[in-house]
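# Chain and residue survey
Residue-level listing of the chains:
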Amino acid sequence: MKYTLLLFLATILLHSRTWAQSATISVTGEVTHPLQLSAADIAAMKKVTVQATDRDGKAHSYTGVPVADILQQAGVTMGAQLRGENMSKYLLVKSGDGYEVLFSLPELDAAFTDRVVILASQVDGQSLPEGKGPFRIVVPGEKKPARWIWEVTAMTVRFAKE
Amino acid sequence: MNKRWLLRWFGLAALLFTGSRWLPVPEPYVPVYPANFGNRLNIPADNPLTKEGVLLGRMLFYEPLLSANNKVSCGSCHQQQRAFTDGKKFSTGIDSIPTERNSMSLANLLWVRHFFWDGRAESLEQQALTPLTALHEMGQPLDISAAKLRRSQRYAALFNAAFGNSNITGDQIIKALAQFERTLISANAPYDHYLAGKYQLSPAAERGMQLFMNAPDPGKKIRGANCAHCHGSPKLYMELFHNNGLDSLPLDPGREKLTGLAADRGRFRIPTLRNIALTAPYMHDGRFGTLEEVLDHYSEHIIQSPSLSPVLRNTSNDMNGTSLKLSRSEQKDIIAFLHLLTDSTFINNSQFSNPFN
């Protein structure tokens, strides 16, 4: 009887521990500083707002951190270092549902393009809707939002193998 | 007396013969599959496919000695005629306690990277450990299985051929099983022939396929069922985890049990729809007995919840609908298309069948 109660309490404790877990974003691979970004870390970073059209065909304003800034912080070869063999690196972004999308580094680098790809946390001033947050990649100007990967959990930089 | 000696000599000669012939290099097994399946294969570096390994794996897949009561094999819950399922809501192994989930069909596992309904195993090697040792499935520790096989006449030469020694270890059992499973390739359904330009769809299947492939857009008067968003590609699955709106408070938390994340509540791996007409009942808990019930679910009964897949939210043929709202005849057309995913050569392939029969 006593044990059952103990077991019961232990179960509850274990469960509440599980509940406390929340999403973070790991940044790993060809980086000098691997990151494990919490929502608070991301909230503290500099934000920009971009206009982009989602699948609904309507323009929205998305606010978030430029992906390039996150890569800089992790020590990825961006800017002046993005040359030579580093041109064969890519960024793979992964979602909690298992979806993965790929960007080449120049697509994300201000030295190459004016388009700012962001890790958005807000749309039209609101948190992202249920299921698509807390963080979603937004690629302004891209006709089909298939790379607007939602529920981002991991970013990995690698060399293409061939 | 003489006869016994003769037999022994014969056995030794056979061992030497197979030894010299097979021991140095088992022959590589080259899996054959269509180019549109892609080459992202999941084969661990330490377990390459060999003909000898695959043959041994096939025997082991049907070997009841691997179970505690010598009655249950992998083939008990994964029957070839049912595309390697068992037709039950939940399966039973060595006792009467049912499994917690519905048996999964085994086809095109060569490409899968996260096994089980919740994706908790990363390789077939890791996966096999569960049914072999789980208390209510086959319920036998690996070393006991290995010892039982060592006592059987059948296996020494087979292990020797596959692995270059006849030690017979648990690790070898698992490796051989995984090799066999990687050869279970299903790529010969009418739909595959259609993709190859060699099959004419019936009008109903053609309509069903269009619905299957397209997302609905009532504003533009486009009818659709959007199944391909999740069950698309020539292999008919995408390796993603979604909550497809079965429950608001699922009894089985699915992937949440693994990750502890609320977003993963009721999320399961998207299963393949290959051979789907043969693998009833459906879903992780076998709750639907027929494809008609499955279509009724997607059409009418998507349950809203915080972890419901965004792909199924606001996806309807009705303005503001919360389920697909397909007509009866549209549901029938989709089912006609699903029947074209049945690969009868796969379920009759003698290389996959029970070698003890």
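Residues numbered from 1 in each chain as written. Chains lettered and ligands numbered in written order. Predicted model: local features only at pLDDT ≥ 70, side-chain atom pairs only at ≥ 80, totals over all residues. Heavy atoms only, no water.

### With respect to the overall build of chain A
For chain A, the helix and strand inventory stands at three helices and ten strands. Overall, chain A shows an N-to-C arrangement of helices and strands of α-β-β-α-β-β-α-β-β-β-β-β-β. A separation of at least 24 residues holds for 57% of the contacts in chain A among residues at least 6 apart in sequence. As presented, chain A carries roughly 9,200 Å² of accessible surface, and 58% of it is formed by carbon and sulfur atoms. (Helix = DSSP H or I, 4+ residues; strand = E, 2+ residues; numbered from the N terminus. Contact = heavy atoms within 4.5 Å. Areas by Shrake-Rupley, 256 points an atom, 1.4 Å probe, with all protein chains shown as cover.)

### Describing the packing of helix H4 (residues 124-133) of chain B against helix H7 (residues 170-182) of chain B
Any two packed helices are characterised by how steeply their axes cross, that is the angle between the axes, and by the distance between the axes. Residues and elements named next belong to chain B. Two numbers describe how H4 lies on H7: the axes approach to 9 Å, and their chain directions differ by 110°. In terms of orientation, H4 lies roughly perpendicular with respect to H7. In the packing of H4 onto H7, the handedness of the crossing is right-handed. Contacts between H4 and H7 pair Leu124, Glu125, Gln127, Ala128, Leu129 and Leu132 from the former with Ile174, Leu177, Ala178, Glu181 and Arg182 from the latter. (Axes fitted to C-alpha atoms, helices over the stretch in contact; angles between N-to-C directions. Parallel < 35°, antiparallel > 145°, perpendicular 65-115°, else oblique. Left-handed = near helix turned anticlockwise from the far one by under 90°.)

### Some points on the interface of chain B and chain A
Facing 20 residues of chain B, the contacting portion of chain A comprises 15 residues. At the boundary of chain B with chain A, total buried surface from both sides reaches about 1,300 Å², with 51% on carbon and sulfur atoms. Linking chain B to chain A there are four salt bridges. Note that Glu100(A) is salt-bridged to Arg40(B), the shortest N-O span being 3.3 Å. Those elements that provide at least two residues to the side of chain B that touches chain A are strand E1 (241-242) and helix H11 (256-259) of chain B. Partitioning the side of chain B that touches chain A into residue classes produces eight nonpolar, four polar and eight charged. (Buried area = accessible area lost by both parts, 1.4 Å probe. Salt bridge = Lys/Arg side-chain N within 4 Å of Asp/Glu carboxyl O. Nonpolar A, V, L, I, M, F, W, Y, C, P; charged D, E, K, R; others polar.)

### Focus: the domain arrangement of chain B
Residues and elements named next belong to chain B. Domain boundaries in chain B define domain 1 (17-186) and domain 2 (190-341). Look at where the C-alpha atoms of domain 1 and domain 2 centre, and you get two points 30 Å apart. Opposite the 27 residues of domain 1 that make contact, domain 2 presents 27 residues. In this assembly, domain 1 packs against domain 2 so that about 2,300 Å² is buried in total across both faces, 53% of it on carbon and sulfur atoms. When the buried surface of domain 1 facing domain 2 is broken down by residue, Arg101, Trp117 and Asp118 rank first, second and third, together holding 25% of it. Inspection of the domain 1/domain 2 interface yields two salt bridges. Here Asp252 and Arg101 are joined by a salt bridge, their closest N and O atoms 2.7 Å apart. Where domain 1 meets domain 2, there are eleven residue pairs in polar contact (both at pLDDT 80 or more). Classifying every residue of the side of domain 1 that touches domain 2 by side-chain character gives nine nonpolar, ten polar and eight charged. (Domains from an automatic or database assignment. Polar contact = N/O pair within 3.5 Å; in protein donor to acceptor, adjacent residues only side chain to side chain.)

### Thoughts on the UniProt feature "binding site: heme c 2" (unreviewed entry) in chain B
All names here are of chain B. Those residues carrying the UniProt feature "binding site: heme c 2" (unreviewed entry) are Cys227, Cys230 and His231 in this numbering. Along the chain, Cys227 falls in the loop between helix H9 (203-213) and helix H10 (228-231). With residues near it in sequence (within four places) discarded, Cys227 still touches Phe212 and Gly232. With respect to the helices and strands, the residue Cys230 is situated in helix H10. Apart from residues lying up to four places away in sequence, Cys230 is in contact with Tyr237, Met238, His242, Ile270 and Val311. (UniProt positions renumbered as here; feature names shortened; annotations may be inferred.)

### Looking at the pairing of strand E4 (residues 59-66) of chain A
Residue and element names in this part refer to chain A. For E4, a buried count of six out of eight residues is recorded, marking the element as mostly surrounded by other parts of the structure. Across six bridges, the pairing between strand E3 (residues 48-53) and E4 is antiparallel. Counted as the bridge partner of Val48 is Gly64 from E4. Counting the residues between successive antiparallel strands, the hairpin from E3 to E4 contains five residues, one of them, Gly57, with a positive phi of roughly 80°. Two elements, E4 and strand E7 (residues 118-123), share five bridges in a ladder whose sense is antiparallel. The residue of E7 that forms the bridge with Thr63 is Gln122. (Buried < 20%, exposed > 50% of the residue type's maximum accessible area, 1.4 Å probe, protein only. Pairing = 2+ DSSP bridges.)

### Overview of the environment of Ile222(B)
Residues and elements named next belong to chain B. Mapped onto the elements, Ile222 comes out in the loop between H9 and H10. Along the sequence, Ile222 and Leu211 sit eleven residues apart, while their C-alpha atoms lie 9.4 Å from each other. The residues contacting Ile222, other than those within four sequence positions of it, are Ala215, Pro216, Asp217 and Asn317.

### Observations concerning the packing of H9(B) against helix H13 (residues 328-339) of chain B
Residues and elements named next belong to chain B. Viewed as axis vectors pointing N to C, H9 and H13 meet at an angle of 95°, and their least axial separation amounts to 7 Å. With respect to each other, H9 and H13 are oriented roughly perpendicular. Listed contacts from H13 to Ala204, Ala205, Arg207, Gly208, Met209, Leu211, Phe212 and Met213 of H9 are Glu330, Asp333, Ile334, Ala336, Phe337 and Leu338. When the residues that make up the contact of H9 with H13 are grouped by side-chain class, the tally is ten nonpolar, one polar and three charged.

### Describing the sheet that holds strand E5 (residues 89-95) of chain A
Residues and elements named next belong to chain A. Pairing in this open sheet of five strands is mixed, and the strands run E2-E1-E10-E5-E6 from one edge to the other. Edge positions in the sheet fall to strand E2 (35-37) and strand E6 (100-104), since each has one partner strand and no second. Along the sheet, successive strands turn relative to each other by an average axial angle of 15°, direction set aside.

### Things to note about the pattern of salt bridges
Residue and element names in this part refer to chain A. One pass over the full model with this rule turns up 27 salt bridges over all chains. The residue Arg136 makes a salt bridge to Asp54 at a minimum N-O spacing of 3.3 Å. Separated by 82 residues along the polypeptide, Arg136 in strand E9 (residues 136-138) and Asp54 in the loop between E3 and E4 bring together distant segments of the chain. Of the two residues, Arg136 and Asp54, neither departs from the other in class, the shared state being buried.

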